[in-house]
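# Overview (structure and organization)
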Amino acid sequence: MHHRRHAWALRKKMAADAPRGSGDWSHLPQANSLVVLPSTDSPMRFEAKLFVEYRWAGAGAAPPSARDIAREGVVRRAEELSRNRRLTECQRLHGELAVALLRWKPVEDTLVSSRAHCISVDAAPELVAAVAAREDSANHQVVLSWQHEQREHQAKRLQSLITDPLRATAWWFAANQDKPAELVQVATEFQQLRTILTHEEEADEDSAGHLVDEFLNAVDVADQLYLLQILRKLFGDHGRSDLVERIEPTTRSTSTGKDADSN
């Protein structure tokens, strides 16, 4: 009884709101028209209950097909909105249809205009649950991806500190300025850690370092000094102060050897 009173009150209100002018105004006999609408989760669909109203603008009485034309016009308008909504957004689609379908609009290539009131929008509970589970899984994967990227970024930052004892010691001291007595021990531990972690790479006969050493041993002192200066600049430009510090003695000794040869 409640739904019947609601439908009767709605018909009365919509009739009062109808535009004035010539033409035969009629209502579909059924207050509720069940419509199946597509969702963005194809082939899953919504079920919408609509109260459809139509106007015939031609001469004489409206033809029997006017109600079907009106319903088709309303369905087309509803589908434009429903295709953009997931099955978990029934309430959102209900609100959009309530606003969009209440306006009178002519059905294309006909003399029929139609509008509708959206009574409800539903979907099969098991399908809604399946879509919701898929959305939760996708969101979880995004969070995991973000966490992985953060860990990778942190690992790279820590790797650069481990291979640069000077920077690593400075970072430690910045957070522990009340412990200057431990600074030497910490610096020593960082240097030892770098040596342990880079030992295998340095022992590789085909490493870039060994290739550079082999090249330096085969050229004269001027070429050695030139290459060492280039390496020193590259290390400094890339923030590797540890490598600059380690190459300095070699550069100085090479330069000294060059000066001795000149004398």
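In the block above lies the structure referred to throughout.
Criteria and thresholds
Residues numbered from 1 in each chain as written. Predicted model: local features only at pLDDT ≥ 70, side-chain atom pairs only at ≥ 80, totals over all residues. Heavy atoms only, no water. Helix = DSSP H or I, 4+ residues; strand = E, 2+ residues; numbered from the N terminus. Buried < 20%, exposed > 50% of the residue type's maximum accessible area, 1.4 Å probe, protein only. Contact = heavy atoms within 4.5 Å. Areas by Shrake-Rupley, 256 points an atom, 1.4 Å probe, with all protein chains shown as cover. Salt bridge = Lys/Arg side-chain N within 4 Å of Asp/Glu carboxyl O. Axes fitted to C-alpha atoms, helices over the stretch in contact; angles between N-to-C directions. Parallel < 35°, antiparallel > 145°, perpendicular 65-115°, else oblique. Nonpolar A, V, L, I, M, F, W, Y, C, P; charged D, E, K, R; others polar. Expected span 1.5 Å × (residues − 1). Left-handed = near helix turned anticlockwise from the far one by under 90°.

### Describing the overall build of the protein
For the protein, the count of helices and strands is nine helices and five strands. Ordered by position from the N terminus, the helices and strands of the protein form the series α-β-β-β-α-α-β-β-α-α-α-α-α-α. Here the protein holds 263 residues, and 29% of them are scored as buried. Considering only contacts within the protein whose residues lie at least 6 apart along the sequence, 64% involve residues at least 24 apart. Surface exposure of the protein reaches about 17500 Å², of which carbon and sulfur atoms provide 54%.

### A short note on the pattern of salt bridges
Counted under the stated rule, the structure contains twelve salt bridges. Linking Arg-85 and Glu-96 is a salt bridge whose minimum nitrogen-to-oxygen distance equals 2.7 Å. In this pair, Arg-85 sits in the loop between helix H2 (66–82) and helix H3 (90–100) while Glu-96 sits in helix H3, placing the two residues eleven residues apart along the sequence. Classification of Glu-96 by relative accessible area gives partly exposed; the value is 21%. In this structure, Glu-248 and Arg-232 form a salt bridge, with 2.4 Å as the shortest nitrogen-oxygen distance. Here Arg-232 lies in helix H8 (residues 221–237) and Glu-248 lies in helix H9 (residues 241–262), a separation of 16 residues in the sequence.

### Some words on the packing of helix H4 (residues 125–162) against helix H5 (residues 165–175)
The geometry of H4 relative to H5 is characterised by a closest axis approach of 6 Å and an angle of 110° between their N-to-C directions. Our classification of the angle between H4 and H5 gives roughly perpendicular. When H4 is examined against H5, the residues Arg-157, Ser-160, Leu-161 and Ile-162 are found in contact with a partner set consisting of Pro-165, Arg-167, Ala-168 and Trp-171. Its residues assigned to classes, the contact of H4 with H5 shows five nonpolar, one polar and two charged.

### Re H4
The terminal C-alpha atoms of H4, which comprises 38 residues, lie 55 Å apart, in line with the 56 Å expected from a rise of 1.5 Å per residue. For H4, every residue scored as buried is listed here: Val-131, Glu-135 and Leu-161. Tucked into the core, H4 has its buried residues touching H5.

### So, the packing of H2 against H3
Geometry of a packed helix pair, given as the angle between the helix axes and the separation of the axes. Put simply, H2 and H3 touch, their axes get as near as 10 Å, and they point 140° apart. The orientation of H2 with respect to H3, classified from their angle, is oblique. As H2 runs across H3, the sense of the crossing is right-handed. Seen from H2, the contacting residues are Arg-77, Ala-78, Leu-81 and Ser-82; seen from H3, they are Leu-93, Glu-96, Leu-97 and Ala-100. Of the residues contributing to the contact of H2 with H3, the split by class is five nonpolar, one polar and two charged.

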